[in-house]
Amino acid sequence: METITLWTRQVPQVWEQLCRDGAYQVKEVYIRQKNGSMSDYYLKLYQWYTKTARRYLTIQEDQEYPIWFSLDGQDRLQPLENSVILKVRMPKDKVLLCNMDAWGYRVNYWYVPLNQDDEQRHHRELDRYGIHSDDELIGSSKGNFYPLLTKEIQDSWERVFTLMDVPAEKLSATAWELRKEWVEEVYWGEKESPVDISNQGSGVHPAK
């Protein structure tokens, strides 16, 4: 089985759940707790992400929201107080890569261009119709008057999964389940060295 090594920063409760249950999945309540008044926006975004990801990866029906990982330990999210960094080695067929530049366009409802020439072509098309920004079409009834242009924008979003010819630092990884057996190292809080997890069988904090 081919594996991949990844890093993810989580709240301590994720590690506790891994110790207690052996597995972790993102739930709607977690997203609402984290994002407050912006929750509906992120829920809709992640629901789209998972629905589209199912074209490329087998994802169980109850696995609704992605877990985000860094591909490189040097580029990972930095440790913070009240956080844990998990270094995991997991099956590669459980992971889907994401172009983070393209994801930034998707998050803003923008057209995801194939390249710079394609981006310029798209902007000329918007100018031709007097449209200042893609989100005018996606976020309002104006899109009903330009269905082909709106569809072009929406269809381009799938490129977050297909534009892979970029430097590794522009990629992130996503998965829909994390298992304790995949965890190799745990970095607790702001500590630079991993803690001993050899005896972590229940939801007890690692020795600090």
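Scroll up to find the structure.
Calculation notes
Residues numbered from 1 in each chain as written. Predicted model: local features only at pLDDT ≥ 70, side-chain atom pairs only at ≥ 80, totals over all residues. Heavy atoms only, no water. Helix = DSSP H or I, 4+ residues; strand = E, 2+ residues; numbered from the N terminus. Phe/Tyr/Trp six-rings, centres within 6.5 Å; stacked < 30°, edge-to-face > 60°. Buried < 20%, exposed > 50% of the residue type's maximum accessible area, 1.4 Å probe, protein only.

J.: Before we go on, may I ask you to explain unusual backbone geometry in this structure?
T.: If you check the backbone angles, Y109 has positive phi at about 65 degrees while not being a glycine. Tracing the backbone shows Y109 in the loop between α4 (100-107) and α5 (116-128).

J.: What is the right way to read the packing of aromatic side chains from this model?
T.: The geometry of an aromatic ring pair comes down to the distance between the two centres and the angle between the two planes. Across all of its chains, the model carries 15 aromatic pairs by this definition. Seen in terms of ring centroids, Y49 and W68 are 5.2 Å apart; in terms of plane orientation they differ by 50 degrees. Their pairing is tilted. Of this pair, Y49 sits in helix α3 (residues 39-53) while W68 is found in strand β3 (residues 67-70), placing the two residues 19 residues apart along the sequence. Classification of Y49 by relative accessible area gives buried; the value is 0%. Note on Y56 and F161: the rings are 5.7 Å apart at their centroids and 45 degrees apart in plane angle, and the pair reads as tilted. Here Y56, found in the loop between α3 and β3, pairs with F161, found in the loop between α7 (147-156) and β6 (171-175); they are 105 residues apart in sequence, far enough to count as distant. What makes F161 buried here is its relative accessible area of 6%.

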